[in-house]
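Breakdown of the fold
Each chain, written out:
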Amino acid sequence: MLRLAIQKSGRLSEDSLNLIRECGISFLSASYKLKTEATNFPLEILYLRDDDIPGYVQDGVADLGIVGQNVLVESGFPALEVEGLGFSKCRLSLAVPRAAAYDSVQDLQGVNIATSYPRILGDYLAERGVKANLHTISGSVEIAPSIGLAEAICDIVSSGSTLLGNGLREVETVFRSEAVLIANQNLSAEKKELLEQLQFRMQAVRRARR
Ligand code: ATP
Ligand code: ZN
């Protein structure tokens, strides 16, 4: 039996469940539960916080997972990625206060930047020869400049209205993300076979949606 970890509640949850259902896999979903077993496919679904999913798949606690590529890359286990799923598209961007002067990423030299993605941002800045002071915070990143914690932020942007509401403007796209299917790298032959069946169904669902 395959164990698939998905986000318990959040922006990935509904689309993850819909994808599994559209693959023809039936299960009883009870939102208070930690796991459910499918009735017509050898699959168990674990409901977890998205941040925990890459680590559980890396360790083999779960065989598969559905998670944002942003969270996957930040976890440090990018090799777990199997394929993009085409939903939960978003970007990780740098933003500065609306009135701040900004010409290029070089202007961030020595600047305090608040983010929940120190690894992705650190790599991005290092590739451009910029040394900044990264402050890792786990939520409400966009308020950091207004409370004096940082002069810039790097956070997930979808519409930009949250940035605008906090007096910020987007200046660079650091990373583009979508939901991805991830898998443990030491699956047994039986589990690999099941993964292939699941991928075959997922690809058919995506073709049918187009
Ligand atoms: P958890 O409680 O599981 O830790 P969370 O608050 O960290 O949840 P969500 O806000 O539910 O996470 O976002 C989950 C993922 O959905 C993000 O990591 C990102 O890949 C994607 N995402 C975030 N914001 C958007 C958005 N506005 N539009 C589309 N996808 C998004
Ligand atoms: Zn999270």
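Note that the structure is a prediction, hence the values are computed from the model and not measured.

**Structural notes on the overall build of the protein**
Helix and strand content of the protein: 6 helices and 11 strands. Each principal axis of the C-alpha atoms in the protein carries an extent, and together these give about 60 × 35 × 30 Å. Here the protein, with 210 residues, has 34% of them falling under the buried criterion.

**A word on the site of ligand 1**
Not every one of the 16 residues close to ligand 1 is listed here, only the nearest: G10, R11, G68, C90 and S158. Residue composition of the shell around ligand 1, by class: 4 nonpolar, 7 polar and 5 charged. Inspection of the shell around ligand 1 shows a minimum of three residues originating in each of domain 1 (2–88 + 178–209) and domain 2 (90–176).

**Focus: unusual backbone geometry**
Although it is not a glycine, S88 adopts a positive phi angle of roughly 55°. By the element assignment, S88 lies in the loop between β5 (81–84) and β6 (90–97). With 24 C-beta atoms counted inside 10 Å, the residue S88 sits in the buried group.

**Examining the domain arrangement of the protein**
One can read the domain layout of the protein as domain 1 (2–88 + 178–209) and domain 2 (90–176). Computed from C-alpha coordinates alone, the two centres of domain 1 and domain 2 are separated by 30 Å. Listed per partner, the contact involves 5 residues of domain 1 and 7 residues of domain 2.

**Notes on the sheet that holds strand β3 (residues 43–48)**
Ordered by their spatial adjacency, 6 strands build an open sheet running β2-β3-β1-β4-β11-β5, and the pairing between neighbours is mixed. Since the sheet does not close on itself, it has two edges, and those belong to β2 (35–37) and β5, each with one partner. The average angle at which neighbouring strand axes cross in this sheet is 25°, direction not considered. Judged from the 3 bridges that link them, β5 and strand β11 (residues 179–183) form a sheet pairing that is antiparallel. Pairing of E81 across the sheet is with I182, part of β11. Of the strands in this sheet, β1 (2–7), β4 (64–68) and β11 are in contact with helix α1 (residues 13–22), which crosses β1 at around 150°.

**Some remarks on the sheet that holds strand β8 (residues 133–136)**
Judged by pairing direction, the sheet is mixed, and its 5 strands sit side by side in the order β8-β7-β9-β6-β10 without closing on themselves. With one partner strand each, in any of the chains shown, β8 and β10 (168–177) form the two edges of the open sheet. Adjacent strand axes in the sheet meet at a mean angle of 25° when their direction is disregarded. Sheet topology places β6 next to β10; 8 bridges connect them, and they run antiparallel. Counted as the bridge partner of L92 is F175 from β10.

Conventions used here
- Residues numbered from 1 in each chain as written.
- Chains lettered and ligands numbered in written order.
- Predicted model: local features only at pLDDT ≥ 70, side-chain atom pairs only at ≥ 80, totals over all residues.
- Helix = DSSP H or I, 4+ residues; strand = E, 2+ residues; numbered from the N terminus.
- Buried ≥ 20, exposed ≤ 12 C-beta atoms within 10 Å, placed from the backbone.
- Near = placed C-beta within 6 Å.
- Nonpolar A, V, L, I, M, F, W, Y, C, P; charged D, E, K, R; others polar.
- Domains from an automatic or database assignment.
- Contact = placed C-beta atoms within 7 Å.
- Pairing = 2+ DSSP bridges.
- Axes fitted to C-alpha atoms, helices over the stretch in contact; angles between N-to-C directions.

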